[in-house]
Amino acid sequence: MNNLLEASIDEVFSNHFSMPTQPCQKLPQGIGYVASIPFSDINGAQRALLWLQKPVIEKISDLLLGEDSPDEATLADLTAEVANFVVGHAKMEASDQNNSFSMGTPSFEGIRPLEGASENIRLFSIDDGCIALQIESVDAR
């Protein structure tokens, strides 16, 4: 798992959104909002998937946009923006450490249950919601 991205989630949510993260051991049930963003580092081409439960993304909407009842389009856009924020922070940290890191444009992937092997998922608990981070290798074609 990419330690820069894990540390970036903690930094972004704790310090920028005032939403401290805690470790979460149990895969959350239900659906979440998913965004992906391609990036490349010393491990090659990859993509980060960020999965956010609705209470988390709604709280961010209220904090950043002043909207406590955002529509689905706003939640979708905001999910992609949060992924951009997290990966962008990791890029800045990599640069500070003189490590190569590039990133692409985030995209909203939909609303769905958390999927994948649990060893490839890092979970973070925030107040009344959960965040999941998955890193996938991207085939160079």
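In the block above lies the structure referred to throughout.
Residues numbered from 1 in each chain as written. Predicted model: local features only at pLDDT ≥ 70, side-chain atom pairs only at ≥ 80, totals over all residues. Heavy atoms only, no water.

Student: Break down a nonpolar patch on the surface for me, citing the residues and quoting the values.
Tutor: A cluster of nonpolar residues, Ile 31, Phe 108 and Ile 111, forms a patch on the protein surface that exposes about 260 Å² of accessible area. Examined against the element boundaries, Phe 108 turns out to sit in strand E5 (residues 107-113). (Patch = residues over 30% accessible without salt bridge, like charges linked within 9 Å, V, L, I, M, F, W, Y side chains within 5 Å. Areas by Shrake-Rupley, 256 points an atom, 1.4 Å probe, with all protein chains shown as cover. Salt bridge = Lys/Arg side-chain N within 4 Å of Asp/Glu carboxyl O. Helix = DSSP H or I, 4+ residues; strand = E, 2+ residues; numbered from the N terminus.)

Student: A description of the packing of aromatic side chains should follow, citing residues and the corresponding values.
Tutor: The geometry of an aromatic ring pair comes down to the distance between the two centres and the angle between the two planes. The final tally for this structure, using the stated rule, is four aromatic pairs. Taken together, a centroid distance of 5.6 Å and an interplanar angle of 55° make the contact between Phe 17 and Phe 85 tilted. Highlighted residues: Phe 17 in the loop between helix H1 (3-16) and strand E1 (22-23) and Phe 85 in helix H3 (residues 72-96), separated in sequence by 68 residues. Residue class for Phe 17 comes out buried when judged on its relative accessible area of 4%. (Phe/Tyr/Trp six-rings, centres within 6.5 Å; stacked < 30°, edge-to-face > 60°. Buried < 20%, exposed > 50% of the residue type's maximum accessible area, 1.4 Å probe, protein only.)

Student: An account of a negative patch on the surface is requested, with residue identities and associated values reported.
Tutor: On the surface, a cluster of negative charge is contributed by Asp 62, Glu 67, Asp 68, Asp 71 and Asp 77. Here Asp 68 lies in the loop between helix H2 (54-65) and H3. Classification of Asp 68 as exposed rests on a relative accessible area of 59%. (Lys, Arg positive; Asp, Glu negative; His and termini not counted. Charge placed at Lys NZ, Arg CZ, Asp CG, Glu CD.)

Student: Before we move on, could you go through the pairing of strand E3 (residues 44-52) and cite the residues and values that matter?
Tutor: Direction of pairing for strand E2 (residues 31-41) relative to E3: antiparallel, over a ladder of nine bridges. In the sheet register, Pro 38 faces E3, and the bridge partner there is Arg 47. Linking E2 back to E3 in an antiparallel pair, the connection comprises two residues. Here E3 runs beside strand E7 (residues 129-137); their pairing, made up of seven bridges, is antiparallel. Bridge pairing links Gln 46 to Ser 137 in E7. (Pairing = 2+ DSSP bridges.)

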